[in-house]
Amino acid sequence: MISKDVYFIDGVRTPFGRAGEKGVYWNTRADDLVVKAMIGLLDRHPDLDRSAIDDVAIAATTQTGDQGLTIGRTSAILAGLPESVPGFAIDRMCAGAMTAVTTTGSGIGVGMYDMVLAGGVEHMGRHPMGGGADPNPRFLSEKLVDSDALNMGCTAEKIHDRFPHLTKQRADAFAVGSQQKAAKAYEDGVIQKDLIPVSAASDSGWQVVDRDEPMRPETTMEGISDLKTPFRPHGRVTAGNASPLTDGATISLLAGEDAVKKHGLKPKMKMVSFAFAGVEPEIMGIGPIPATEKALAKAGIGIDDIGLIEINEAFAIQVLSFIDHFGLEDDDPRINKYGGAIAFGHPLASSGVRLMNQLASQFENHPEVRYGMTTMCIGLGMGGTVIWENTGWRG
Amino acid sequence: MLEKFAPLFVDDSEVITHSFVADVALKSGKTLALITLDNLKDHTRPTTLGPLTLKELDEVLDAQEERAKNGEIHGIAITGKPYFLAAGADLSKIGAVEKKITGRLYVELGHYVFAKLGDSSVPTFVFINGLALGGGVEIALNAKYRTLNSAAPALGLPEVFLGIIPGWGGSYLLPNLIGIKNALKVIVENPLKQNRMLKPKEAFEMGIADVMFEPQRFVEQSIDWADEVINGKKVKRPFEPGTLERKTVWPAAVKMARGMIKDRLGEIPESPFVALDLIDAARSGTRDEGFKREDDVMEELVSGDKFRASMYSFNLVQKHAKNPQGAPDKSLARPVNKVGVVGAGLMASQLALLFLRRLEVPVVMTDVSQERIDKGLGYVRAELDKLVEKGRLDPDDRNRYSANLSGSLDYQAFSDCDWVIEAVFEEMSVKQEVFGKLEQFVPEHCILASNTSSLSVSEMAKNLKNPERVVGFHFFNPVAVMPLLEVARASETNDETMATAMAVGKKLRKTTVIVKDEAAFVVNRLFGVLLSEQMRLWMMALASRTSQRQLSHWGFQWIRLIY
């Protein structure tokens, strides 16, 4: 069995936009977002031989319209990659881009790929969640899943039910923290350096998008305490402690150890292990817990060895369940140091690579940290975790 | 805005192209005001630059200049809505100019507004993101810097083609930017070659733009480039004419161009010569003197008969050709999945080649001997090979077309044709015989077309069982090049046949016009009048050389070829 080291060389993304008619990307196609991110990434590596890219994996949850037609291939052609570079589409809902990375990373690991592009896109304005889906009636008639399982907000409420000590107050506080950390990260310029500005056509001319539109740095505990609870009366999940509906694309360049040498690449992270795991669909938000247990076991390390954690904030409560399980503090400085999806937004299938970008950026500033991880919950009851090693680690 | 322009703003029928402003934060920390020209119509409606459009742009530019002076912005850029920068002046407005003075005002207004791009206190840019014609190119020329999208469909200054001249600075600015030879090509030579346009690569290589970017991130990359320029990047202009070029090459090139055009077109068309005068004068003096010269000549040109006639023919060819008059409902057209060609001579072979390439269906040729058929087939295959050699045809397509081509002495080969066209000897009895024989073999729905140039189509059809399926389908030689196709409706021709003929003409990418089934149709009839006029002059004992001179003065140089 061939076994090669797998490296995360670089990753970028478009700034994220608010989904819907008023959002900055309402008139911009999903595939164009991928293409712009892809070219932006390749422009950072001008000497890289484009034809040495073995595959392009792009994730999207709703694979129709401008997210259909095998978007990994369409976007490669549209970006002007050589015709010899193939591409494919991937779907694991929220963990699409993460799965693009683990799948192509596996290909590198067994020596079948040297270099790949992996990323994801979700234009939730053009493709509302679950749009065009046709769930098998057996799900409900045979009670395979609860009717709540298909509504992500309801699955988040269920975490509150199961863990009553994880209160709305704690969720709100975590959410406010996320906004503040994101604002601070912007001030420090650590987010912008991995953003590819996008020119977006609008009804009032071209707009240049160079910041994440969903951010609300002014958020306070008081400000979000009385927001509506759209998923159940007197519930706990609100727009304030959940990630907003978002448009955006991400992309990363991965390479194996041979390609790193051959092309003179400077890797940011090395893939250590990954795992996906399933949980009850009705409470999908706890998915990162078993996925992380599995990934840690494969890596042969414990949670205490993890110096930095990028966990996707689909909902604050879902992050709290993870924190609670591993006995961490709500404001543990290792967790989402630069803020998370509550502030930046969560364009489903693209978020995985955003986590990796932010982890890589933190690694750079923390040479004392050896291991970090990216983890996220996934619809229909799943979680995914990738453990990474800091290539700049000076232990 | 100057009071004098007020008379231009009374017409409220203009589709206004708005000037939207967005501030762009540059990487350097500075700010660029990005103006987007957008008429808020979809991608089928190019943006144009009517008087009210210019008024709005003027106000926006003034506001930006004010901000620039306050240090709020450090550069101004203009670009267009997706796919278009601007398709030039609003021709519907300029065509309507009755009064000399309003025409002049419109030209002056463009100068007045665009000059602000050249005079701004900060660097100004035009990001040529898409189609740029006439005034669209000139707005870019007036800015201090230009970027170009490598996927823009076309750039061009079609004014001379339309009987006017580039009148918003193009005649002065272009030669001073890209040198005399390139400028002559863009302003005079290309418009006279059937209004040829520039592809972005060509325009960039001539120096019309300072830098070219690929389409995917064109606006973003243009902004980054503008940032570098604002921060002191030096931009090279390799074709900008020097003193030597101005003194020697420039006047010589203009003189040579003048001689060539006179030879080709005679002296009646005005605009090429006016353009040459302006270009010649552009080698010295100031920009504003150049603009003034443009104002002066445009005042005369836009109110003249020649421009009006040009606009009429332009509208006829560009607009009406898309919806030919007298054409029946398109839905009546029948599919054409196999074509027969009777005859294998030069004309017939050219027809076979065109049908093969444009309809992409099997084509079968026949003639009186296998030898003649083989010669025809050989011609078509050789032409396909030539196209491949020139890189104008994909080898796979050559193989496909070649396989689609066959020849047969037996009319049985036409039994599954949907369309048969004859190009046999121009003799009524021969044509009647061919159609009579065809009728025994072809299916009932098959259209019978004649490429006759002068015989009566009705006469050809009269003895047939189904005369309603016969139509005149007259090409011009060389078939691949000449754009016109006359479709003659005979007395019995039905709507299905006409609709099919129009659909086939369109697929063949010809400008298809419906003509009456009268002797020689339209084109050859006009040609005949010209010819007989020359004969008349000759008969009147004028020296033949005089009559030739007379004609060449009008630009009918080609008529000499037939002697």
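Since we're looking at a predicted model, the values are computed, not measured. Numbers given for residues are sequential positions, taken from 1 along each chain in its written order. Labels are handed out in written order, letters beginning with A for the chains and numbers beginning with 1 for the ligands. Local features in this predicted model are restricted to residues of pLDDT 70 or higher, and side-chain atom pairs are both shown and tallied only at a pLDDT of 80 or more, whereas totals for entire chains, interfaces and linings draw on every residue.

A. Here's a closer look at the overall build of chain B. Under the scheme used here, helices are H or I runs from DSSP no shorter than 4 residues and strands are E runs no shorter than 2 residues, and both carry numbers assigned from the N terminus. If you tally the helices and strands in chain B, you get 20 helices and 17 strands. The principal-axis extents of the C-alpha atoms in chain B amount to approximately 85 × 60 × 45 Å. Evaluated residue by residue, chain B yields a buried proportion of 44% over its 563 residues. Each residue is represented by a C-beta atom placed from its backbone, and any two residues with such atoms within 7 Å are regarded as in contact. Long-range pairs, those at least 24 residues apart, make up 75% of the contacts in chain B between residues at least 6 apart in sequence. Here a residue counts as buried when 20 or more other C-beta atoms sit within 10 Å of its C-beta, as exposed when there are 12 or fewer, and as partly exposed otherwise, the C-beta atoms being derived from the backbone.

B. Layout of the overall build of chain A. Across its full length, chain A holds 12 helices and 12 strands. On the principal axes, the C-alpha backbone points of chain A span a range of 60 × 50 × 50 Å. When contacts within chain A are restricted to residue pairs at least 6 apart in sequence, long-range pairs at least 24 apart make up 81% of them.

C. The sheet that holds strand E3 (residues 75-80) of chain B, seen in detail. Residue and element names in this part refer to chain B. A sheet is described by the order of its strands in space; here six strands give the open sequence E1-E2-E3-E5-E7-E9, paired in mixed fashion. With one partner strand each, in any of the chains shown, strand E1 (18-25) and strand E9 (211-213) form the two edges of the open sheet. Recorded for the sheet is a direction-independent mean angle of 25° between the axes of neighbouring strands. Criterion used throughout: strands pair if DSSP finds at least two bridges between them. Note that strand E7 (residues 145-149) and E9 share three bridges and pair parallel. Within E9, the residue paired with Thr147 across the bridge is Val211. Note on definitions: angles span 0 to 180 degrees between N-to-C directions of axes, and those axes are lines fitted to C-alpha atoms, for helices only across the stretch in contact.

D. Highlighting the sheet that holds strand E14 (residues 447-450) of chain B. All names here are of chain B. Across the sheet, eight strands lie side by side as E12-E11-E10-E13-E14-E15-E16-E17; this open sheet has mixed pairing. Strand pairing shows two members of the sheet lacking a second neighbour, strand E12 (405-407) and strand E17 (511-516), which therefore form its edges. Geometrically, the sheet is characterised by an average inter-axis angle of 25° between neighbouring strands, direction not taken into account. Inspection of the sheet shows strand E13 (residues 419-422) paired to E14 by four bridges, in the parallel sense. The residue of E14 that forms the bridge with Trp419 is Ile447.

E. A look at helix H5 (residues 152-162) of chain A. Considered for burial, the residues of H5 of chain A that qualify are Met152, Thr155, Ala156, Glu157, Lys158, Ile159 and His160 of chain A. Looking at the buried residues of H5 of chain A, the elements they touch are helix H10 (316-325) of chain A.

F. Representation of the nonpolar core. If you look at the biggest cluster of nonpolar residues, it comprises 223 residues, and the most contacted ones within it are Val34, Ile58 and Leu254 of chain A. Residue contributions to this core peak at nine residues, all from helix H1 (residues 30-43) of chain A. Apart from the residues within four sequence positions on either side, Val34 of chain A is in contact with Ile58, Ile71, Ser75, Gly119, Val121, Ala249 and Ile251 of chain A. Judged by nonpolar contacts, the second largest core, of 53 residues, contains Phe414, Ala449, Met460 and Met502 of chain B. Remark: nonpolar core denotes a set of buried Ala, Val, Leu, Ile, Met, Phe, Trp, Tyr and Cys residues whose joining runs through C-beta atoms within 7 Å.

G. Representation of the pairing of strand E10 (residues 339-342) of chain B in the model. All names here are of chain B. A two-sided burial pattern is seen for E10, the buried positions comprising Val339 and Val341 on one face and Gly340 and Val342 on the other. Inspection of the sheet shows E10 paired to strand E11 (residues 363-366) by four bridges, in the parallel sense. Considered in E11, the bridge of Gly340 is made with Val364. Classification remark: right-handed applies to a crossover when, strands pointing away from the viewer, the course from the first strand over the helix to the second runs clockwise. You can see the chain leave E10, run along helix H13 (residues 346-359) and come back into E11, and the turn it takes is right-handed. Bridging between E10 and E13 involves four bridges; their strand directions are parallel. When the bridges of E13 are listed, Val341 appears paired with Ile421.

H. Broad picture of the environment of Asn195 of chain B. Residues and elements named next belong to chain B. Here Asn195 shows up in the loop between helix H6 (180-192) and helix H7 (200-206). Residue classification places Asn195 among the partly exposed residues on the basis of 17 C-beta atoms within 10 Å. For Asn195 and Phe161, which are 34 residues apart along the polypeptide, the C-alpha to C-alpha distance reads 6.0 Å.

I. The interface of chain B and chain A, seen in detail. The interface is formed by 17 residues belonging to chain B together with 18 residues belonging to chain A. Elements that contribute at least two residues to the side of chain B that touches chain A include exactly E1, strand E2 (31-38) and helix H8 (218-230) of chain B. Under the grouping applied here, Gly and all other residues not named as nonpolar or charged are polar, the nonpolar ones being Ala, Val, Leu, Ile, Met, Phe, Trp, Tyr, Cys and Pro and the charged ones Asp, Glu, Lys and Arg. Class assignment for the residues of the side of chain B that touches chain A results in nine nonpolar, three polar and five charged.

J. Broad picture of the environment of Lys465 of chain B. One can find Lys465 of chain B in the loop between helix H17 (457-461) and strand E15 (470-474). The spacing of Lys465 of chain B and Val274 of chain B is 191 residues in sequence and 60 Å in space, taken between C-alpha atoms.

K. Spatial organisation of the packing of H6 of chain B against helix H10 (residues 271-281) of chain B. Residue and element names in this part refer to chain B. Their axes nearest at 11 Å, the elements H6 and H10 cross at an angle of 180°. Here H6 is positioned roughly antiparallel relative to H10, judged by the angle of their axes. Together, Ala183, Leu184, Ile187, Val188 and Leu192 of H6 and Pro272, Ala275, Leu276 and Ile279 of H10 make up the contact between the two elements. Split by residue class, the contact of H6 with H10 holds nine nonpolar, no polar and no charged. If an angle is under 35 degrees, it is roughly parallel; if it is over 145, roughly antiparallel; if it lies from 65 to 115, roughly perpendicular; otherwise it is oblique.

L. Layout of helix H3 (residues 96-109) of chain A. Residues and elements named next belong to chain A. By this rule, a helix spans an expected 1.5 Å times one less than how many residues it contains. The end-to-end C-alpha separation of H3 is 19 Å, in line with the 20 Å expected for 14 residues at 1.5 Å each. The element H3 is extensively covered by neighbouring structure, given that 11 of its 14 residues are classed as buried. For H3, the set of buried residues is Gly96, Ala97, Met98, Thr99, Ala100, Val101, Thr102, Thr104, Gly105, Gly107 and Ile108.

M. Summary view of unusual backbone geometry. With an omega of -5°, the peptide bond running from Asn477 of chain B to Pro478 of chain B counts as cis. Considering the arrangement of structural elements, one finds Pro478 of chain B in the loop between E15 and strand E16 (484-489).

N. Geometry of the packing of H10 of chain B against helix H11 (residues 287-302) of chain B. Residue and element names in this part refer to chain B. The N-to-C vectors of H10 and H11 enclose an angle of 170°; their axes lie 11 Å apart at closest approach. Compared by their axis directions, H10 and H11 come out roughly antiparallel. Side by side, H10 and H11 meet where Ser271, Val274, Leu278 and Ala281 of the first sit next to Arg293, Glu294, Val297 and Leu301 of the second.

O. Molecular detail of the pairing of strand E5 (residues 124-128) of chain B. All names here are of chain B. The buried fraction of E5 amounts to five of the five residues, a majority that puts the element mostly inside the structure. On E5, burial covers both faces: Thr124, Val126 and Ile128 on one face and Phe125 and Phe127 on the other are all buried. Relative to E5, E3 is paired through three bridges, and the arrangement is parallel. What sits directly across from Ala77, in E5, is Phe125. Bridging between E5 and E7 involves four bridges; their strand directions are parallel. Bridged to Val126 within E7 is Arg146.

P. Focus on the confidence of the model for chain B. All names here are of chain B. The score called pLDDT rates the predictor's confidence residue by residue, from a low of 0 to a high of 100. On average, chain B scores 92 in pLDDT, and the residues at 70 or more come to 94%. Scored below 50 in pLDDT, residues 557-563 shows six contacts in the model against residues more than four places distant or in partner chains. Under the prediction, the complex receives an ipTM of 0.92, its pTM being 0.90.

Q. Structural detail: the environment of Glu433 of chain B. Residues and elements named next belong to chain B. Within the secondary structure, Glu433 is located in helix H16 (residues 428-439). For Glu433, a count of 13 C-beta atoms within 10 Å corresponds to the partly exposed category. Along the primary structure Glu433 and Asn463 are separated by 30 residues, whereas in three dimensions their C-alpha atoms are 9.8 Å apart.

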